[in-house]
Structures are given as structure tokens and as C-alpha cells.
Amino acid sequence: AAASYTDSSDDETSPRDKQQKNSKGSSDFCVKNIKQAEFGRREIEIAEQEMPALMALRKRAQGEKPLAGAKIVGCTHITAQTAVLMETLGALGAQCRWAACNIYSTLNEVAAALAESGALSALWLLRWQILDDGGDLTHWIYKKYPNMFKKIKGIVEESVTGVHRLYQLSKAGKLCVPAMNVNDSVTKQKFDNLYCCRESILDGLKRTTDMMFGGKQVVVCGYGEVGKGCCAALKAMGSIVYVTEIDPICALQA
Ligand SMILES: NC(=O)c1ccc[n+]([C@@H]2O[C@H](COP(=O)([O-])OP(=O)(O)OC[C@H]3O[C@@H](n4cnc5c(N)ncnc54)[C@H](O)[C@@H]3O)[C@@H](O)[C@H]2O)c1
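Residues numbered from 1 in each chain as written. Predicted model: local features only at pLDDT ≥ 70, side-chain atom pairs only at ≥ 80, totals over all residues. Heavy atoms only, no water.

*Asks:* Can you help me understand the pattern of salt bridges in this one?
*Replies:* The full count for this structure, using the stated rule, is 6 salt bridges. Its salt-bridge partner being D28, residue R97 comes within 2.9 Å of it at the nearest N-O pair. Here R97, found in strand β2 (residues 95-100), pairs with D28, found in the segment before α1 (37-49); they are 69 residues apart in sequence, far enough to count as distant. Notably, a salt bridge pairs D203 with R207, separated by 3.1 Å at the nearest N-O pair. (Salt bridge = Lys/Arg side-chain N within 4 Å of Asp/Glu carboxyl O. Helix = DSSP H or I, 4+ residues; strand = E, 2+ residues; numbered from the N terminus.)

Put into C-alpha cells, the structure is as follows:
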């Protein structure tokens with residue numbers, strides 16, 4: 001992230017080759033630089049203020065710990081927001097272990113803050129649940145440790161790609177645990193896709209191209225939820241937006 005912590009002592013050594021310890025002496029993590037933890041914690045605290053539903057859930061249910069005994073392995077983007085999710089699962093009693101689904105989207109300082117707090121402990125005792133974004137973790141376990149699937153209670157998957165991969169597994173008769181399709185939920189389709197893409201499209205384009213968008217002609221392919229959000233953001237930025245659409249209703253909306 002543009003506002004991300006940078007440290008002149010940062011080097012290009014792979015986190016796997018580094019020996020690091022958090023302040024409690026634990027080295028049971030693999031992050032870029034544990035020294036960034038304090039900065040990451042501040043980012044998480046800001047995200048907490050923007051996520052009142054999860055914070056209310058923490059307050060309401062942390063006494064009764066409804067997830068006590070649950071063991072959750074997750075593979076998602078590592079951002080301040082997903083950190084709030086992980087720490088909420090922990091506050092509700094779950095034991096969690098997490099991996100990044102994309103090294104380029106990983107906020108290293110947030111990963112450091114999670115490693116420092118010890119929120120994500122080693123999980124050797126089993127019956128796991130998988131929380132996946134893109135299907136990589138599910139796929140990896142299937143490929144490398146298929147026997148482990150006997151010990152897994154269920155999967156939640158939140159991306160188009162991951163759901164597609166799960167359907168393929170199911171068709172091949174290989175999906176032997178219940179899987180929940182979070183991607184098709186109305187809260188994802190009508191909120192995440194529309195409003196989150198409206199925020200992230202410009203951020204993504206600007207970081208990758210470093211261009212100005214005022215007055216630029218832009219073509220958006222598809223006027224579904226994502227397309228609608230992207231068009232709104234680009235128009236607000238002063239771009240001249242064209243839309244291609246094959247669905248007559250969406251085309252009319254455009
Ligand atoms: N990066 C992200 O954060 C993110 C999040 C959600 C979805 N996505 C991706 O964005 C894409 C759109 O998602 P969505 O939720 O808006 O889906 P959607 O189904 O709501 O919208 C897709 C639209 O594209 C139109 N379309 C299909 N084929 C077309 C073609 N050949 N030419 C023009 N238009 C065509 C459809 O009619 C539909 O209106 C998907 O590929 C999805 O995987 C990305």
C-alpha cells in the first residue's frame with residue numbers, strides 16, 4: 001500500500017530464510033519483517049473502526065465463545081480488514097492458522113502485527129475448517145495431503161475462481177466435505193462487488209499505471225455489479241466511460 005510501512009533495513013531476503021522472533025520469543029510464523037508489527041497494529045485498529053458488525057459480534061459473543069474448539073485454516077489476502085476477521089474468529093474462541101493467497105496484496109506490516117499478537121497459532125490438533133479465497137488452499141491440500149480431507153469439516157469459499165474449482169471437484173466426485181459458496185451470497189454480489197470495486201478500481205489502476213484518468217476514454221466490459229461500481233468511480237474521476245454489454249437489461253441500465 002502507498003501508506004505502507006517502509007524501512008530502509010528491509011531487504012529482499014525471502015521470509016522463509018529469515019530467523020525472526022516476536023517479543024514473546026515465538027518464531028512460529030513467516031513474515032517479511034516482524035519489526036513492522038506496531039505500524040501494522042495501527043492499521044488494524046483503523047480497520048476495526050470501519051468494521052462495526054464484526055466488532056459488535058466480538059463484544060456480544062466473546063463471553064460465550066461460540067467457536068470454542070473450532071480450528072480454522074484460512075488463505076486470503078492479508079490486509080487490515082482480513083486481520084480484523086481473523087482476530088474476531090479468535091475472540092470468539094476459534095484457533096486459527098493463516099496463509100496469504102497473494103504475496104502482492106499482502107500488507108507485510110499487518111502480517112507482522114498478527115505474528116506479534118500470536119493470533120494465529122500452530123494447529124496440530126485436528127478437525128479443521130477451511131476459509132479460502134481463490135481455492136488455492138483447498139487445491140493444495142487435495143494435491144499434497146489428500147488424506148487430510150478426512151479431518152476437515154467444511155470449506156467456505158469466497159471467489160468466483162474458487163467456487164468454479166469446487167464445482168469441478170464436485171462434478172468429478174472428489175468433493176467429500178460440505179462447501180459453502182460465499183461468492184454467490186447477496187451481501188457479496190450486491191455490496192462487495194459494487195461498492196468495493198468502486199473504491200478499489202482507481203486505486204488498482206493508479207498504482208499499476210500511475211496515470212491520470214480525468215478526460216481519458218475508458219471501456220468497461222460488462223455492466224454487472226463490478227462494472228457498475230467501476231463505471232461510477234471512473235465517471236466521478238472525469239473519465240469518458242464506454243460500456244460493452246451482452247445482456248439487454250444491463251445494457252439499458254448503462
Ligand atoms: N477484483 C475483484 O475484486 C472482483 C470482485 C468480484 C468479481 N470480480 C470479477 O469481475 C467480473 C464481473 O463480476 P460481476 O460480479 O460484475 O458479474 P456479473 O455477472 O454481475 O456481471 C457480468 C456482466 O458481464 C456481462 N457480459 C458477459 N459476457 C460479456 C461479453 N462478452 N461482453 C460484454 N459483457 C458481457 C454480463 O451480461 C453481465 O452483465 C467477474 O469476472 C468476476 O470474477 C472481481
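*Asks:* Honestly, the layout of surface pockets in this entry has me stumped. Any pointers?
*Replies:* A water-sized probe, rolled over the atoms, reveals where empty space remains. Taken as a whole, the second largest pocket encloses approximately 200 Å³ of empty space. Of all the elements in the fold, those that place two or more residues in the lining of the second largest pocket are α5 (136-144) and α6 (160-171). In terms of residue count, the dominant contributor to the lining of the second largest pocket is α6 (5 residues). A breakdown of the residues in the lining of the second largest pocket according to their chemical character gives 4 nonpolar, 5 polar and 2 charged. (1 Å grid on protein atoms, 1.4 Å probe; cavity = no way out; pocket = protein on both sides within 12 Å on 5 of 7 lines; lining within 4 Å. Points joined across faces, edges and corners; volume = space filled by probe spheres on them. Nonpolar A, V, L, I, M, F, W, Y, C, P; charged D, E, K, R; others polar.)

*Asks:* Help me understand the sheet that holds β2 in this model?
*Replies:* Strand pairs in the sheet, formed through backbone hydrogen bonds, run parallel or antiparallel to each other. Read from one edge of the open sheet, 5 strands run β2-β1-β3-β4-β5, paired in parallel fashion. Looking at the sheet topology across the chains shown, the edges are occupied by β2 and β5 (179-181). Ignoring strand direction, the axes of neighbouring strands in this sheet form an average angle of 15 degrees. Against the sheet, helix α3 (residues 80-91) makes contact with β1 (71-76), β2 and β3 (128-132), and its axis sits at roughly 160 degrees relative to β2, the strand it touches most. Against the sheet, α6 touches β4 (152-157) and β5, its axis set at about 135 degrees to β4. (Pairing = 2+ DSSP bridges. Axes fitted to C-alpha atoms, helices over the stretch in contact; angles between N-to-C directions. Contact = heavy atoms within 4.5 Å.)

*Asks:* Any chance you could explain α3 here in plain terms?
*Replies:* Think of an α-helix as 3.6 residues a turn; residues three or four steps apart then line up on the same face. Here α3 spans 16 Å end to end across 12 residues, near enough to the 16 Å set by a 1.5 Å rise per residue. Among the 12 residues in α3, 9 count as buried, and that is most of the element. Every buried residue belonging to α3 is among A80, T82, A83, V84, M86, E87, T88, L89 and A91, and all of these are buried. Contact partners of the buried residues in α3: α1, α2 (52-61), β1, β2, α4 (108-117) and β3. Once α3 finishes, G93 follows within two positions and takes phi at roughly 110 degrees, a positive value. (Expected span 1.5 Å × (residues − 1). Buried < 20%, exposed > 50% of the residue type's maximum accessible area, 1.4 Å probe, protein only.)

*Asks:* Quick question: what am I supposed to make of the pairing of β3 here?
*Replies:* Regular strands place their side chains on alternate faces of the sheet. Across the 5 residues of β3, 4 count as buried, placing the element largely inside the fold. Bridge analysis of β1 against β3 gives 5 bridges, and the strand direction is parallel. The partner of I72 across the bridge, within β3, is Q129. Where β3 and β4 come together, 5 bridges link them in parallel fashion. Pairing of D132 across the sheet is with E157, part of β4. Remark: the β3/α5/β4 crossover connection has right-handed handedness. (Right-handed = clockwise from strand over helix to strand, strands pointing away.)

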